[in-house]
Amino acid sequence: MVGFVSSAFLFNACNSESTDMLLPSPMDSNVAFLSVIEKDYAPLNTIPENVSSRMDQDELQFWKKMSTRFYINYSFVETEYYQRYKNSFIKRMENLYNNMKWDGEPSKLSFF
């Protein structure tokens, strides 16, 4: 969905010189869309039951560790991409976790 919003935004940006463009600013719709996404982050140290029940033990342990430093939007778990490339995805996230410079503030983590 965000990919579509970004694409629509880029399309509008390319055509911004058009004199017949009477649509609201793409930024207005992006702000509204992002406020909806904002609600979908799990609290720190939390994995929703409907997500954790479908994870194997190693996967669950990994996301428990990630949830100590990130507010995570777990909607990506439903995607075909995640299911197909789960092992390499988790390895990359492990690198992210290990290489981040932490300032003490948790970050938000989403995948589109």
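All residue numbers refer to positions counted from 1 along the written sequence of the respective chain. It should be noted that, the model being predicted, local features are given only for residues of pLDDT at least 70 and side-chain atom pairs only at 80 or more, the latter also being counted only at that level, while totals for whole chains, interfaces and linings use all residues. Excluding hydrogens and water, the side-chain figures rest on all heavy atoms present in the structure.

Engineer: Describe in detail helix H6 (residues 86-99), supporting the description with residues and values.
Structural biologist: For H6, spanning 14 residues, the distance from its first C-alpha to its last is 20 Å, which sits close to the expected 20 Å at 1.5 Å a residue. Of the residues making up H6, those classed as buried are Lys86, Phe89, Ile90, Met93 and Tyr97. For H6, the angular spread of buried residues about the axis comes to 95 degrees, placing them on one side. Exposed side of H6, more than 90 degrees from the buried face: Asn87, Lys91, Arg92 and Asn99 are the residues found there. For this analysis, residues touch if any pair of their heavy atoms sits within 4.5 Å. The secondary structure listing takes helices from DSSP runs of H or I that are at least 4 residues long and strands from runs of E that are at least 2 residues long, numbered from the N terminus. Taken together, the buried residues of H6 touch helix H4 (57-66) and helix H5 (80-84). Under the convention used throughout, the expected extent of a helix is 1.5 Å for every residue step, that is, one less than its residue count. For the exposure calls, accessible area comes from a 1.4 Å probe over protein chains only, and a residue counts as buried if that area is under 20% of its type's maximum, exposed if over 50%, partly exposed in between. Here the arc refers to the directions that run from the helix axis out to each C-beta atom.

Engineer: Pulling in residues and values, what's your account of the nonpolar core?
Structural biologist: For our purposes a nonpolar core is just a set of buried Ala, Val, Leu, Ile, Met, Phe, Trp, Tyr and Cys residues, chained together by side-chain atoms within 4.5 Å. Ranked by size, the top nonpolar core spans 20 residues in total, and within it Trp63, Met66, Ile72, Tyr74 and Phe76 carry the most contacts. When contributions to this core are tallied by element, the ones reaching two or more residues are H4, strand S1 (70-72) and H6. With sequence-adjacent residues up to four places away left out, Phe76 is seen in contact with Trp63, Tyr82, Phe89 and Phe111.

Engineer: So what about the confidence of the model for the chain? Which residues, and what values?
Structural biologist: As a note on interpretation, predicted positions should not be read in detail where pLDDT is low. Per-residue confidence from the predictor is reported as pLDDT, a score between 0 and 100. Mean pLDDT for the chain: 74, with 65% of residues reaching 70 or above. Confidence drops under pLDDT 50 across residues 1-37; counting only partners more than four residues distant or on other chains, this segment forms 15 contacts.

Engineer: Requested: an account of the packing of H4 against H6, with residues and values cited.
Structural biologist: Contact geometry of H4 with H6 gives a least axis separation of 11 Å together with a crossing angle of 30 degrees. Judged by the inter-axis angle, H4 sits roughly parallel to H6. The chirality of how H4 crosses H6 is left-handed. Here Glu59, Phe62, Trp63, Lys65 and Met66 of H4 come into contact with H6, specifically with Lys86, Phe89, Ile90, Met93, Glu94, Leu96 and Tyr97. Partitioning the contact of H4 with H6 into residue classes produces 8 nonpolar, no polar and 4 charged. Lines fitted to the C-alpha atoms define the axes, with helices restricted to the stretch that makes contact. Angles between their N-to-C directions range from 0 to 180 degrees. Convention used here: angles under 35 degrees read as roughly parallel, angles over 145 as roughly antiparallel, angles from 65 to 115 as roughly perpendicular, and any remaining angle as oblique. The hand of a helix crossing depends on one turn: near helix anticlockwise from the far one by less than a right angle means left-handed, and clockwise means right-handed. Three classes are used, and their members are as follows: Ala, Val, Leu, Ile, Met, Phe, Trp, Tyr, Cys and Pro are nonpolar, Asp, Glu, Lys and Arg are charged, and the others, Gly among them, are polar.

Engineer: Kindly report on the packing of aromatic side chains, identifying the contributing residues and their values.
Structural biologist: Classification of ring pairs rests on two measures: the distance between centres of Phe, Tyr or Trp rings, Trp counted by its six-membered ring, which must be within 6.5 Å, and the angle between planes, read as stacked under 30 degrees, edge-to-face over 60 and tilted in between. In this structure the tally under the stated criterion is 11 aromatic pairs. Relative to Trp63, the ring of Phe62 lies with its centre 4.9 Å away and its plane at 75 degrees, an arrangement referred to as edge-to-face. For Phe62, a relative accessible area of 6% gives the class buried. On the basis of relative accessibility, which here comes to 0%, the residue Trp63 falls in the buried class.

Engineer: Please give an account of the pattern of salt bridges that cites residues and values.
Structural biologist: Any carboxyl oxygen of Asp or Glu within 4 Å of a side-chain nitrogen of Lys or Arg constitutes a salt bridge here. What the rule picks out here adds up to 4 salt bridges. Lys65 is the salt-bridge partner of Glu94, the closest N and O atoms lying 2.3 Å from each other. Here Lys65 lies in helix H4 and Glu94 lies in helix H6, a separation of 29 residues in the sequence. A relative accessible area of 25% means that Glu94 is categorised as partly exposed. Looking at Lys65, the relative accessible area reads 28%, which means it is partly exposed. For Arg84, the salt bridge identified is with Glu80, shortest N-O distance 2.9 Å. Separated by 4 residues within a single helix, Arg84 and Glu80 lie in helix H5, roughly one turn from each other. Using a relative accessible area of 55% as the deciding quantity, one classes Arg84 as exposed.

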